[in-house]
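Structural overview
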Number of protein chains: 2
Amino acid sequence: MASAVQPEQSMVKKDAHPFERAQLEGLMTKRFFYTQAFEIYGGVAGLYDYGPSGAALQANIISHWRNHFIIEEDMLELDTTIMTLSDVLKTSGHVDKFADWMVKDMKSGEIYRADHMVEGVLEARLKGDEEARAKEAGQAVTTDAAPAADEKKTKKKAKSVAVKLPDEQVAEFRRILAQIDDFNGEQLGELIKKYDIRAPATGNEVSAPTEFNLMFESYIGPTGQTKGYLRPETAQGHFVNFERLLDFNNGRVPFASAQIGKSFRNEISPRAGLLRVREFTMAEIEHFVDPENKSHPRFNEVAHLVLPFLSAATQKAGDTTVKTVSIGEAVSTGMVNNETLGYFLGRIYLFLEAIGIDTNRLRFRQHMENEMAHYACDCWDAEIHTSYGWIECVGCADRSAYDLTMHSNKTKRDLMVQEPLKEPKVYQKYVPTVNKKVLGPLFKKNAKLIEDTIMGLDQDTLKQMQADLESGSAKVTTGSETFDVTKEHVTVEYKTIKESVRNFTPNVIEPSFGIGRIFYALLEHSFWAREEDKERGVLSLPPLVAPFKVLIVPISSNEQLSPLARQLSKKLRSLGIASRIDDSSATIGRRYARNDELGTPFACTIDFASVSKGTITLRERDTTTQRIGTVDEVVDVVKQLCDGRLDWKGACQILPAYTGTQDVENA
Amino acid sequence: MASAVQPEQSMVKKDAHPFERAQLEGLMTKRFFYTQAFEIYGGVAGLYDYGPSGAALQANIISHWRNHFIIEEDMLELDTTIMTLSDVLKTSGHVDKFADWMVKDMKSGEIYRADHMVEGVLEARLKGDEEARAKEAGQAVTTDAAPAADEKKTKKKAKSVAVKLPDEQVAEFRRILAQIDDFNGEQLGELIKKYDIRAPATGNEVSAPTEFNLMFESYIGPTGQTKGYLRPETAQGHFVNFERLLDFNNGRVPFASAQIGKSFRNEISPRAGLLRVREFTMAEIEHFVDPENKSHPRFNEVAHLVLPFLSAATQKAGDTTVKTVSIGEAVSTGMVNNETLGYFLGRIYLFLEAIGIDTNRLRFRQHMENEMAHYACDCWDAEIHTSYGWIECVGCADRSAYDLTMHSNKTKRDLMVQEPLKEPKVYQKYVPTVNKKVLGPLFKKNAKLIEDTIMGLDQDTLKQMQADLESGSAKVTTGSETFDVTKEHVTVEYKTIKESVRNFTPNVIEPSFGIGRIFYALLEHSFWAREEDKERGVLSLPPLVAPFKVLIVPISSNEQLSPLARQLSKKLRSLGIASRIDDSSATIGRRYARNDELGTPFACTIDFASVSKGTITLRERDTTTQRIGTVDEVVDVVKQLCDGRLDWKGACQILPAYTGTQDVENA
């Protein structure tokens, strides 16, 4: 849908200047998309505040997410607490395992995330080696320097020095870097010793890696006895409410719950802007499905979509070439585990395309076996390419029955689905009956244990017990003790069982979106500079998500124009179109330029012809071309443009060109 | 607007049964509006999860808030972090003052909020006294027992025993209860001793009150050196970004920023459902205004509105009778401090009315002098009446220049507005000039202090200094020391100053909404039971905020009906109307009843006439009456009903009555 309203490639000269991250970052603060939190207090790493333009862009991304997923698919929306009881996160494994390895500079005390430090230092040595070899060969260094340099920056500048390394060490370093996510603390410690890796900022030795749990902890209530953590994901809030959700859905699966909200990770040393932060907005779906039937009723709607897949098999072969096949084929060949997973990959693709992500810089990467959580049966990340490299922006995992099973075991609650069987299942089995009245007084405190043991026996043992009881007595072993029981205590019958209900723990397929990362990637993909002036940045955001859709510019401060501006703003608002009046004293060219930086796709200029003839002009951001029409004509075209029913080419067929824009644009 | 679509009073028999809180609470969990968080782990007091119906209702309230305030008034929306640097909250006063008094049961260790405990015990004694007096007089107790009992429950059951108190003690207790919010810890401790107040649950003695800060604390990063708190309000996030906001608004005031998000208060012992919670959604506006001009350009739009005011003066006279006057009059008589404050009171009223709050149970109560924060110059709370009594749901305070001044002093940032003066201000003043080159070597480490002291001198002192310097030397006193200075060190000139800019710190008017409290009050105001069956609860939520607007009911599971249900759902969705298909096997009467409990205002029934003639019926929730029409006719009427352009009476004029509903409704 949104692709229809994106400007034609030929109209936009996006590649006139190479992308410069510093320029985008400058624009972000200048136009208050976002800024470091508590800036006037010196700021805190990994915490960012969104200003009016950023908050509006984020709200529009979320609003489309809600329409695309929750409304379109009747998902059950939740809003569960951020403050989470520690027991819940103990069960989910986060208290024990949600940690990174850190090392400390032995003299300065500065702390580094161990894997990032090793990665940074080895990359710097490889770069130094390259430089040395190039010098040796008398060549200039021709590597893709800009992104590499930026990447270094995020790891606190492990500086490269032109030192040539032995060939086998180059190979060894490359091998380590390819597997850097797989090393545990001990192994990272060995690498640090073996290669004498030191703190990049000081050159000092570092401590052995120690584990640091990434959850923020606090205490609930005044006693200090109830420990809580800020949730690291919204998912657990879905699982602990599973019974009520199932009930709300009349006891049936499949259904999906969804939640949009803040989560927290106390990152050790965040240094990559919005891509690694301590507080972030997530949008998560938990789709509960019958483990024996992971088909999806709407699969045919996405089966034809051709996506760029990077499978685990490809990666294992040391290759990173994507394979573009249809989702239908990906599922039928088994590369993607099941229809529901495939369906969501398609829906994720459509969502990202609609909000303006360049799909040429998008890939779906499958987790490799050792990378995947042990309970997951398949997992694909939607990765988006940015100046920081390929960034995981959406995870889509089949979490199997893991979470519900763990919570059920811990709380003794029956987190299962009861499915009425069309035909009852009839079979025979040995069923023990315990005579509590006799057992109790006889075995006293052991009675309950003996009963539980008998009720838990398998069919073979029960069959044997029946025979033993017939012959006089049977033995029951409970841990270390053995007891003799007779028919007086327990009987075993071979019964015919008729089951009309099937009980099962549903599996969970979880698409999980990092909204801040998508937000940042979208900004990189949308940003470019005008060919004629490198300093004039433009954000080509689609109208669907642009913070403001229309800029209203009175051409002068003449007081005849101001009421017209307010009327137009009101008219647009009644159609649900967010506009902004810029009646500042800046030249009209500067006001256009300012709004190009805000990503405002359209501008309506109010001039004296508006007063005399009732016309206004309509300017399109990417092409800077202008058309003219009556207020009603222009508003109607704008409405269609914003709804995605019309593109600029179409608009140009409805509204005639406005002549004389040149003067204005360069004023 | 919404009042237009609210059912006629005569059509709804809202008062057929008295309100029972337990019934509403039962409905809330059964229909998953909300539930205690971590229920399967035993729950945590003061933490609640919102399920699909609650999350949708909340989202609709927030969405209307955004339209009514942010969009309608071009406010600058923010999304700032929850995790807040401790320095910021130190400056704002929260680290030192954001606390409640708590006492501990000396034996069980249970903790109570001191004021709540005293209040509960004294109320129980007064109730016991009433009972004893009634018995003495041979009367049955006729007090409004139900809500009173409920109120007690929230304070951990201070049980009433029928004991008569001396008349003067009754008067004394009443006086204390009226001022309970005014006592500090020491005073509460005295009351506890004086009246032998004991832990309600055990009768044990309690400790002296100690202070407990209500902020959740945590540490940012792995070093434990950066302390953070979860924000107790969103306001500070606005203030620390003031410079960027002002810049975004082209340097001009008035403008408003707005933020919707979670805040946290670690309540000592929360026991009043959604009204006192540890994590909650707030919506806050900070309107920055010139302290010398608090008029509002749109004041005339609300000036005619007549609101129920309870002024500080009335309360001081021991009265709680509201005065219903127009906002225009309230401002012109000075009861409400200024136009901007009055404007927001009107907008708050209109917002609450639109979402369905019963305005007969709404009042605006002014803070009394001792109740108001010391920096505030006026403060009004919108209080809504519930079964818990009058509850503060929206605060509307004029915070003056307090916050910006405090942050500016702390960070040395200039958080001011520069207003170009139309005519420059010309005046004369004494201006000192310090000769640093001489002062530095002479006074060494004291030089800077001497310079600062001179630069800070007032006009009279400077005049004297000029004269002294002319006569030889002048004295400069810095704290404990006095220094002699001559013309060589410093000169004072009487200069003509021309100021073309006025610098000022804007004042802040802050409407602050507790969304969860409004949400709960709305549920109480919307809830009633059918006259014919007390068990059949109904939530008469306006279509504007109802979680789902339309229930779609296929009359049977016949497979001809199901595609029609899906088509209708799709058609409604394309118009932005949230619907829910209920194709469960329950009788149609039960399905209607279920959706009455969800507050779904309309139901479309699909039957065999839908297949043969293309008609569907439309049922209205409050009246249970049904009309009939073609799908397109009904959808058009529903759209108008949801937009507030039509009420049910109007709908009945468009669509003919459907006959034969009786069977269906009682099936």
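Going by the annotation in an unreviewed UniProt entry, the name recorded for chain A is glycine--tRNA ligase, with Malassezia equina given as the source organism. The UniProt entry for chain A carries this comment under Subunit (unreviewed entry): "Homodimer."

Take the packing of aromatic side chains next. Overall, the coordinates contain 46 aromatic pairs over all chains when judged by the stated rule. With a centroid separation of 6.3 Å and an interplanar angle of 15 degrees, the aromatic rings of Phe242(A) and Phe255(A) are classed as stacked. Of this pair, Phe242(A) sits in helix H11 (residues 242–248) while Phe255(A) is found in strand S10 (residues 255–264), placing the two residues 13 residues apart along the sequence. Ring plane angle 50 degrees and centroid distance 5.0 Å describe the contact between Phe242(B) and Phe288(B), whose orientation is recorded as tilted. On the criterion of sequence distance, the pair formed by Phe242(B) in helix H11 (residues 242–248) and Phe288(B) in strand S11 (residues 279–289) is long-range, its members being 46 residues apart. Residue class for Phe242(B) comes out buried when judged on its relative accessible area of 1%. Cluster of aromatic residues (ring-pair linked, three or more members): Tyr34(A), Tyr48(A), Tyr50(A) and Phe519(A).

Okay, the interface of chain B and chain A next. At the junction of the two partners, chain B supplies 79 residues and chain A supplies 79 residues. Of the roughly 6,700 Å² buried between chain B and chain A, counting both surfaces, carbon and sulfur atoms make up 60%. For chain B, the biggest contributors to the area lost against chain A are Ile40(B), Tyr41(B) and Phe248(B); these three give 13% of the whole. Counting every contact that joins chain B to chain A gives eight salt bridges. Measuring nitrogen to oxygen at the nearest pair gives 2.7 Å for the salt bridge that ties Arg244(B) to Glu39(A). Where chain B meets chain A, there are 32 residue pairs in polar contact (both at pLDDT 80 or more). Residues of the side of chain B that touches chain A, tallied by class, amount to 34 nonpolar, 20 polar and 25 charged.

Turning to the sheet that holds strand S12 (residues 306–310) of chain B, a few remarks are in order. Residues and elements named next belong to chain B. With mixed pairing, nine strands are arranged side by side in an open sheet as S3-S10-S11-S21-S16-S15-S14-S12-S13. Of all strands in the sheet, those with a lone pairing partner are strand S3 (76–77) and strand S13 (323–326), marking the two edges. Of the strands in this sheet, S11, S12, strand S14 (362–366), strand S15 (378–386), strand S16 (389–400) and strand S21 (507–514) are in contact with helix H14 (residues 339–355), which crosses S16 at around 150 degrees.

This part covers the relation of the copies chain B and chain A. It takes a turn of 179 degrees to lay chain B on chain A, together with a shift of 0.1 Å along the axis; the resulting RMSD is 0.4 Å. Those values place the two copies in the arrangement expected of a two-fold rotation axis. Minimal C-alpha distance to the rotation axis in chain B is attained by Ser218(B), lying at 2.9 Å. A shared binding surface is used by both copies, with 100% of the interface residues of chain B retained as interface residues in chain A.

In terms of nonpolar packing, the biggest core is built from 214 residues, with Phe309(A), Leu352(A), Phe309(B) and Leu352(B) touching the most fellow members. Those residues in contact with Leu352(A) that lie beyond four places of it in its chain are Ile357(A), Leu362(A), Ala382(A), Ile384(A), Val394(A) and Ile518(A).

The next thing to look at is the UniProt feature "domain: Aminoacyl-transfer RNA synthetases class-II family profile" (unreviewed entry) in chain A. The UniProt feature table records "domain: Aminoacyl-transfer RNA synthetases class-II family profile" (unreviewed entry) at residues 174–547 of chain A. For residues 174–547 of chain A, the helix share is 28%, the strand share is 36%, and the end-to-end C-alpha distance is 43 Å.

Looking now at the side chain of His489(A). Among the structural elements, His489(A) can be located in the loop between strand S19 (481–486) and strand S20 (490–504). Filtering out sequence-adjacent residues up to four positions away, His489(A) remains in contact with Thr433(A), Val434(A), Asn435(A), Val438(A), Leu439(A), Leu442(A) and Asp484(A).

Turning our attention to the sheet that holds strand S9 (residues 226–230) of chain A. Residues and elements named next belong to chain A. Spatially, S4-S9-S8 is the arrangement adopted by the three strands of the open sheet, whose pairing is antiparallel. The open sheet terminates on both sides in strands that have one partner only, identified here as strand S4 (83–85) and strand S8 (217–220). Across this sheet, the average inter-strand angle for adjacent strands is 45 degrees, counted without regard to direction.

The rules behind these values
- Residues numbered from 1 in each chain as written.
- Chains lettered and ligands numbered in written order.
- Predicted model: local features only at pLDDT ≥ 70, side-chain atom pairs only at ≥ 80, totals over all residues.
- Heavy atoms only, no water.
- UniProt positions renumbered as here; feature names shortened; annotations may be inferred.
- Phe/Tyr/Trp six-rings, centres within 6.5 Å; stacked < 30°, edge-to-face > 60°.
- Helix = DSSP H or I, 4+ residues; strand = E, 2+ residues; numbered from the N terminus.
- Buried < 20%, exposed > 50% of the residue type's maximum accessible area, 1.4 Å probe, protein only.
- Contact = heavy atoms within 4.5 Å.
- Buried area = accessible area lost by both parts, 1.4 Å probe.
- Salt bridge = Lys/Arg side-chain N within 4 Å of Asp/Glu carboxyl O.
- Polar contact = N/O pair within 3.5 Å; in protein donor to acceptor, adjacent residues only side chain to side chain.
- Nonpolar A, V, L, I, M, F, W, Y, C, P; charged D, E, K, R; others polar.
- Pairing = 2+ DSSP bridges.
- Axes fitted to C-alpha atoms, helices over the stretch in contact; angles between N-to-C directions.
- Least-squares fit on C-alpha atoms with pLDDT ≥ 70 in both.
- Core = buried A, V, L, I, M, F, W, Y, C linked by side-chain atoms within 4.5 Å.

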